[in-house]
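Chains, contacts and geometry: an overview
Here is what each chain is made of, one letter per residue.
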Amino acid sequence: MEPPTAEAVLQGVFTLYNDPNNVEKEKASKWLEEFQKSIHSWRIADELLQQKHDLNSCTFAAQTMRNKIQNSFHELPVTAHESLRQSLLEHISHITLETKSVIVTQLSLALADLALLMSSWRKPVATLLERFSNNQHMMYALIELLTLIPEEVNSRHLRLGANRRKEILLELESDSTLVGEYLTMCLMNGNESELLRAKILKCFTSWVQISAFKLPEIRDSMIIVYCFQLLSNANTSPDLHELATDSLCSLLHLMELNETLGELDEKLFNGILCLEEAYNASVTSEDLDKSMNFCRLFTVLVESNLVRMVAFSEKESPHYSVKSLDLVLNCVGHYDYEVAEITFNMWYRLSEDLYHRNNYLLTAHFKPYVERLIAALYKHSQLDPDHDGLVEEGGSFKDFRYKVSEIIKDVIFIVSSISCFKQMFLILQNPNVTWESSEAALFIMQNVARNILPEIMELGEREIPTSRFNQLCEESEVVPKVVEAILNLPENCHIAIRYTSINILGELCDWIDSNPETLEPVLNFLLFALQQKNGLATAAANSLQSICSACKKHMLGHISGLMQIARCLDSFDIQTESAIGLLKGISIIIGRLAGPQLTPAMQELCSFQLEALSRITNGEDDGLDAKKSRSDPGFWLDRLASIYRHVTPQIENKDDVNPCAFVIINNWSVLSRVLDRYKNDSKIMERIVRCIRYAIRCIGRQAMPILRPLVEQIITIYSGHNHSCLLYLGSILVDEFAVETDCTSGLLNMLQAFIEPTFGVLQVEDGLRNHPDMVDDFFRLASRFIQRAPMQFLQSMLVTPIIQCGLLACTLDHRDANVSVMRFFCSLLRHDRASDLQPMVQSILLSHGEALIMNLLYASVFCLHSYMLQDVAEVFVEIKQHSPHQLEEYVRKAVDSLPKKNSGGSVTVTHEQMVQFVSNVVNSQTSRATTQALQDFARLYR
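On a predicted model such as this, the values are computed, not experimentally measured, just so you know.

Our focus in this paragraph is the overall build of the chain. Helix and strand counts for the chain stand at 50 helices and 0 strands. Projected onto its principal axes, the C-alpha coordinates of the chain cover approximately 95 × 80 × 65 Å. Taken across its 942 residues, the chain has 54% of its residues classed as buried. Here the contacts in the chain between residues at least 6 apart in sequence split such that 74% fall between residues at least 24 apart. Accessible surface, the chain: about 42400 Å² in total, of which carbon and sulfur atoms supply 49%.

Below you can see the structure in the form of structure tokens.
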């Protein structure tokens, strides 16, 4: 763009904020966006800040300056850094109490980021304190700066690199005493402004979070004392209360990282224990925000001591810190369930530690606390007495009950499912129990029911005291009483009780399998519920699916009843997913039938879906249900896919005729017509492909009669409609049929036909980034070829263009797409190939190995997330297996090509670090070690 003037920018800002014409606003917005990207924006933003024309222009200029420093600092030569620093310091020095906070924040961010990036600016914190600390009017701005510098240290945008970050952290640690003294002075000598005190607490917290303070030096900090004063005072404002909580939580996290105990640990622990009375006062005054702050603080207190609490409780008496669990449980008992929810992650961490230690005596120390937790959750899970119907779908209470389910399943082993089941059953037996209490007890039982049979079976295997063993055996006898009570529920019981009872029967599926005499009455109960409305039918369908999955052997005798359910499926008031699940259960039982019975049963089950698909495809959907979903082919395709997926016949020899083959081949014509009919609809195509995938997987190579027409059809469709799901279907066909010599050439022709339209999409600007699904599916297809027909693939002319596309795709940061690309290269370069393939693999490595390592290292450093480097490491390992010396040469060249300094002039990677990285990669013995080496090296640039 032409070099703009300050006047033009002012006009653009004025138009953006004041012009009533939206078209003009949009034009101004785009113009200003382009302006901010230009090199001229540095100078003009500085001019606008000096002019102080109006609020909007100053705000825009400050934001521009911050954006440029964050994202375009490389545009400035090193010689311009000092003048930029002086300019920003000058702008900061003109801040007054009247300056708008948005401008203060943007300018402070700009200067903070500059301080971190500009390696020649030594000890910026000391410089700022020396220049501004004696100016009373600069107190707010200086504290803002001191807050943002530590907060920005780990900013992803700045890409400081590990070396520069370490250098900065050491500087900040050396200046922390000065900062602590200044903040204390501001607190003691400043006015009573709540805003100032809030900024002081926020600043203190930001320095604690980067571990800058030396713990002995802040042991007696007045700021910590002030935090406790704020939390103890019932009149503290909500904002200060939350900030004081944040400060103490940050200190506790610091304590957790600091393995050596000191006086500060004891001071914090005892001080927080004394806040229980203040918490109780917040409950009495119904101040929910403060209650939640206290709960968060108490929870973090437990988490910070959790390792010690568990490790030192293995003796007869638990660790002293276990008393902090009483604080947390007090919060779990709060009248609002949102408070209890804050503690859930802590209970999960505790359960994980205890589970892995597998120590009965240790677990017993925590049993009383978990029993109290479950009792509190039981109360929180109760519906209102005047509630009609079921728990509202999508509501916050439904979400809370889901989280309760998860946490109970995590901790239940501590108290045993059987004992919990018994305790809840005792509640049900109380003659004065209310319906909402009964339903909540049943809800808790539902979440532990699936564990009951495994616990009963393990009783004789676990080393537990005899008295406890006898108690658990006695408690296990309560299960049949519960089942009997459910089967005899009165007709007038609340619908929520009936709904939860139906769910319990589904969760007891394994117990029912071990007690088959209960199966028939349970099925009758569920069949009756299946014919009900208001959500009961959906629950019954889900429970029937679970019972079919668990009781395969016993359900064979009920196949006729299941088929009758399938015939009437659309007459039931059940959700789509539950109907598909019910078909899954029926299909599982059909799969257990002998061949002569299986084929007609499967054909009948499929026919209900195929008839509807045929009518829709032919435009004859008048006979379908009035519901809109029934006229959607995806509705029926998903059902058919569920059948194909879960009918798994028992075939002893692979050459035996699969009883499903006749059904699937016979039904192919319908799916073929659907494919052609909906080739313009990507969503329907994905569901058709999914259905065909399960059909092919079901009968494997016995699908040969439909292979040629299927391949020809998907090639034709893909040439005009680039649905990546067709590439995925191609990979399924290759996986099943490429080992057959007669099929290989045809499948290679399919791959060749796919390449031109695929590359046509991916080679345009941002094509790889905009079509990650296509990248994923294409390279999965190529990998399957290498795995199933390596010789034919490596000899083909298709290898080189696919490799070149893969080299470009290395930098794609889409998880699934990148995994497929990496697996392609791993499959291509496998070191344990047959001897006749090794020369071809070596030739590929010589031709493309250097470029591959170059791209992979660049991607690892600048493009990919750390968790994605494990897959990159696998490629390094494969190349190393061929030749460690070759890998060393490639990695050294790749490292030499990377920049050695960042935009601020500081050293990103030293020569010693480069040498060490090459050595780590070449000498690593495992993929995990290579991954660690890549992650450590990438951190130098981030």
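Moving on, we come to the packing of helix α26 (residues 478–487) against helix α29 (residues 519–530). It is at 10 Å that the axes of α26 and α29 come closest, and there the two elements cross at 35 degrees. Crossing of α26 against α29: the hand is left-handed. Residues Val483, Ile486 and Leu487 of α26 touch α29, and the partners they reach there are Pro521, Val522 and Phe525. Partitioning the contact of α26 with α29 into residue classes produces 6 nonpolar, no polar and no charged.

Turning next to the side chain of His646. Structurally, His646 is set in helix α35 (residues 633–646). Judged by relative accessible area, His646 falls into the buried class, the value being 17%. Beyond its immediate sequence surroundings of up to four residues, His646 is in contact with Lys584, Ser587 and Ile588.

Along the chain, Asn191 turns up in the loop between α9 (162–189) and α10 (194–209). Here Asn191 falls in the partly exposed class, since its relative accessible area comes to 46%. Residue contacts for Asn191: discarding those within four places in its chain leaves Tyr140, Leu196 and Arg197.

This paragraph deals with the environment of Lys202. Among the secondary structure elements, Lys202 is positioned in helix α10. Each C-alpha atom of the pair Lys202 and Arg156 lies 21 Å from the other, and the pair is 46 residues apart in sequence.

What follows deals with the nonpolar core. Membership of the largest hydrophobic core comes to 337 residues, with the highest contact counts inside it found for Trp347, Ile590, Met602, Ile802 and Leu828. Residues in contact with Ile802, not counting those within four places in the same chain, are Leu751, Ile755, Phe759, Phe778, Phe779, Ala782, Phe793 and Phe824.

A rise of 1.5 Å per residue sets the reference length of helix α50 (residues 927–939), with its 13 residues, at 18 Å; its end C-alpha atoms lie 18 Å apart and thus fit the reference within 8%. All of the buried residues in α50 are Ser927, Thr930, Thr931, Ala933, Leu934, Gln935, Phe937 and Ala938. Its buried side turned inward, α50 meets α46 (838–862), α47 (869–882), α48 (884–896) and α49 (911–923).

How two aromatic rings sit relative to each other is given by the distance of their centres and the angle of their planes. Going through the model one piece at a time under the given rule, you end up with 24 aromatic pairs. Between Trp31 and Phe35 the ring centres are 6.1 Å apart and the planes differ by 5 degrees, which places this aromatic pair in the stacked class. Of this pair, Trp31 and Phe35 both sit in helix α2 (residues 22–37), separated by 4 residues, roughly a single helical turn. We classify Phe35 as buried; its relative accessible area is 0%. Their ring planes at 20 degrees and their centres at 6.1 Å tell us that Phe785 and Phe793 sit as a pair that is stacked. In this structure, Phe785 and Phe793 share a single accessibility class: buried. Sitting over the ring of Trp121, Arg85 keeps its end group 4.8 Å from the ring centre. The residue whose ring lies beneath Arg401 is Phe443, and the NZ or CZ to ring-centre distance is 4.0 Å.

Summed over the entire model, instances satisfying the criterion amount to 44 salt bridges. In this structure, Asp326 engages Arg372 in a salt bridge whose closest nitrogen and oxygen atoms are separated by 2.8 Å. On the criterion of sequence distance, the pair formed by Asp326 in helix α17 (residues 324–332) and Arg372 in helix α20 (residues 360–380) is long-range, its members being 46 residues apart. One salt bridge in this structure joins Asp638 and Arg690, with 4.0 Å as the shortest N-O distance. Placement of Asp638 in helix α35 and of Arg690 in helix α37 (residues 682–699) is noted, with a sequence separation of 52 residues between them. Shared partners join several salt bridges into a network, and the residues in it are Arg122, Arg164, Glu167 and Glu171.

Here we take up α49. For α49, spanning 13 residues, the distance from its first C-alpha to its last is 18 Å, which sits close to the expected 18 Å at 1.5 Å a residue. All buried positions along α49 are accounted for by Met914, Phe917, Val918, Val921 and Val922. The buried residues of α49 occupy an angular sector of 125 degrees when the element is viewed end-on, so they sit on one face. Here the buried face of α49 lies against α46, α47, α48 and α50.

Relative to the assigned elements, Asn270 resides in helix α14 (residues 263–273). Put simply, Asn270 and Ile149 are 121 residues apart on the chain and 32 Å apart in space, counted from C-alpha to C-alpha.

Rules of the game
Residues numbered from 1 in each chain as written. Predicted model: local features only at pLDDT ≥ 70, side-chain atom pairs only at ≥ 80, totals over all residues. Heavy atoms only, no water. Helix = DSSP H or I, 4+ residues; strand = E, 2+ residues; numbered from the N terminus. Buried < 20%, exposed > 50% of the residue type's maximum accessible area, 1.4 Å probe, protein only. Contact = heavy atoms within 4.5 Å. Areas by Shrake-Rupley, 256 points an atom, 1.4 Å probe, with all protein chains shown as cover. Axes fitted to C-alpha atoms, helices over the stretch in contact; angles between N-to-C directions. Left-handed = near helix turned anticlockwise from the far one by under 90°. Nonpolar A, V, L, I, M, F, W, Y, C, P; charged D, E, K, R; others polar. Core = buried A, V, L, I, M, F, W, Y, C linked by side-chain atoms within 4.5 Å. Expected span 1.5 Å × (residues − 1). Phe/Tyr/Trp six-rings, centres within 6.5 Å; stacked < 30°, edge-to-face > 60°. Lys NZ or Arg CZ within 6 Å of the ring centre and 35° of its normal. Salt bridge = Lys/Arg side-chain N within 4 Å of Asp/Glu carboxyl O. Arc of directions from axis to C-beta.

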